[in-house]
Amino acid sequence: MRIVTWNINSVRLRLAHVERLTKTLNPDVICLQETKVQDPDFPHDALAGYGYKYRAVRGMKNYNGVAILSRIPFSANGGDDWCGKQDCRHASAHLPGDIELHNFYIPSGGDIPDPKVNDKFAHKLQFMTELAAWSKKRKRGGGAKRTVIVGDFNVAPLETDVWSHKQLLDVVSHTPVEVEHLERLRAAEDWLDAVRHFIPPEQKLYSWWSYRARDWRASDRGRRLDHIWVTPPLTASLRRAEIVKDARDWMPASDHVPVVVDIDP
DNA sequence: ATGGTTGGTAGCCAA
């Protein structure tokens, strides 16, 4: 089973990119973030036409929005509200092979990395705190669930997940307090970073490049903000992981590229 | 140090 996560930055603007993704990678499941479309306007027909007959969609006007598109039938689906907001940052589905899938869009956090003066940064930290509590509660519930969480986590945790560790230490996405919050989530259920499972942590690796660079590839000032994690019972089932860097040139491009894993459940 | 770009949507806000 091939699962892709992608912050597509408007699904309607980049529908043809989804089709291209199906032709180049043929994913079974596609998790999108920043769909930027309210549910009544979601392009169900086009995506069904690409073979994604099963869809879980949570969108709103203007911002955010997540979707799970699947060729494989999924039984139940949903999504929760976080931080007391109904802002469409979570969708979930139960896949065959007893695999639970969660698609998250963690808040970006604004510009100033101080929760006292920046409500967006406070929201981001609170979101990760609630995710860690959710994960701990799941673990206490027992059963060692086979779970995949994916999405735009908006945090680049490793020094090699950013183009310059030193220069980004006080830049939102790579500050120590964010990295600590993300690590608390990871440790809550002993989540495994499925991409770093295959690509060594010494190697620079990014999934996002700013729109503001003149030449994103030449400057290569990227960050790895998009992630796929699995619970320990799925570790042995992981087969492959890839970040589809070339998609940064699929015009008009999203500033994020797809992240892929293959799981043999 | 600053400004640089993009998307949704109708004036800027969010990233």
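Here, every reference points to the structure presented above.
Residues numbered from 1 in each chain as written. Chains lettered and ligands numbered in written order. Predicted model: local features only at pLDDT ≥ 70, side-chain atom pairs only at ≥ 80, totals over all residues. Heavy atoms only, no water.

Description of the packing of helix α3 (residues 119–141) against helix α5 (residues 176–188)
Where α3 meets α5, the axes come as close as 8 Å, and the angle between the chain directions of the two elements is 15 degrees. With respect to each other, α3 and α5 are oriented roughly parallel. Judged by the sense of rotation from one axis to the other, the crossing of α3 with α5 is left-handed. Between α3 and α5, the contacting residues are F121, K124, L125, M128, T129, L131, A132, S135, K136 and K139 on the first element and V177, E178, H181, L182, R184, L185 and A188 on the second. (Axes fitted to C-alpha atoms, helices over the stretch in contact; angles between N-to-C directions. Helix = DSSP H or I, 4+ residues; strand = E, 2+ residues; numbered from the N terminus. Parallel < 35°, antiparallel > 145°, perpendicular 65-115°, else oblique. Left-handed = near helix turned anticlockwise from the far one by under 90°. Contact = heavy atoms within 4.5 Å.)

Things to note about the protein's contact with DNA strand B
Residues in close proximity to DNA strand B total 17 residues, the closest being S10, L13, N62, Y211 and R212. Sugar plus phosphate: this is where 68% of the atoms of DNA strand B within 4 Å of the protein reside. Taking K120, its side chain carries an N or O atom lying 3.4 Å from a phosphate oxygen of DNA strand B. Take Y211: an N or O atom from its main chain is 3.2 Å from a sugar or linking oxygen of DNA strand B. (Near = heavy atom within 4 Å. Polar contact = N/O pair within 3.5 Å; in protein donor to acceptor, adjacent residues only side chain to side chain.)

A word on the pattern of salt bridges
For the coordinates displayed, the defined rule picks out 19 salt bridges. Between K116 and D114 there is a salt bridge whose closest N-O contact spans 3.9 Å. For D114, a relative accessible area of 24% gives the class partly exposed. In the salt-bridge network here, residues are joined through shared partners; they are R2, R240, E242 and D262. (Salt bridge = Lys/Arg side-chain N within 4 Å of Asp/Glu carboxyl O. Buried < 20%, exposed > 50% of the residue type's maximum accessible area, 1.4 Å probe, protein only.)

A look at the environment of G51
Positionally, G51 belongs in the loop between α2 (44–49) and β3 (54–58). On the accessibility criterion, G51 (27% relative accessible area) is partly exposed. Between the C-alpha atom of G51 and that of V171, which follows or precedes it by 120 residues, the distance is 40 Å. Look past the residues within four positions of G51 in its chain and what remains in contact with it is S70 and R71.

Thoughts on the sheet that holds strand β4 (residues 66–70)
As summarised here, the arrangement of the six strands in space is β3-β4-β2-β1-β14-β13, forming an open sheet in which the pairing is mixed. With one partner strand each, in any of the chains shown, β3 and β13 (238–243) form the two edges of the open sheet. In this sheet, neighbouring strand axes are inclined to one another by 10 degrees on average, regardless of whether the strands run parallel or antiparallel. The sheet contact formed by β3 and β4 spans five bridges and is antiparallel. (Pairing = 2+ DSSP bridges.)

Overview of the layout of surface pockets
Within this model, the largest pocket holds a volume of roughly 1,100 Å³. At the level of secondary structure, the elements contributing two or more residues to the lining of the largest pocket comprise α3, β10 (208–209) and α6 (216–219). In the lining of the largest pocket, the residues fall into 12 nonpolar, 12 polar and 11 charged. Within this model, the second largest pocket holds a volume of roughly 180 Å³. Lining the second largest pocket, in full, are P157, L158, V179, L182, E183, R186, L192, D193, R196, R224, H227 and W229. When contributions to the lining of the second largest pocket are tallied by element, the ones reaching two or more residues are α5, β9 (192–193) and β12 (226–230). At four residues, the largest contribution of residues to the lining of the second largest pocket is made by α5. Grouping the constituent residues of the lining of the second largest pocket by class yields six nonpolar, one polar and five charged. (1 Å grid on protein atoms, 1.4 Å probe; cavity = no way out; pocket = protein on both sides within 12 Å on 5 of 7 lines; lining within 4 Å. Points joined across faces, edges and corners; volume = space filled by probe spheres on them. Nonpolar A, V, L, I, M, F, W, Y, C, P; charged D, E, K, R; others polar.)

By themselves these figures say nothing about function.
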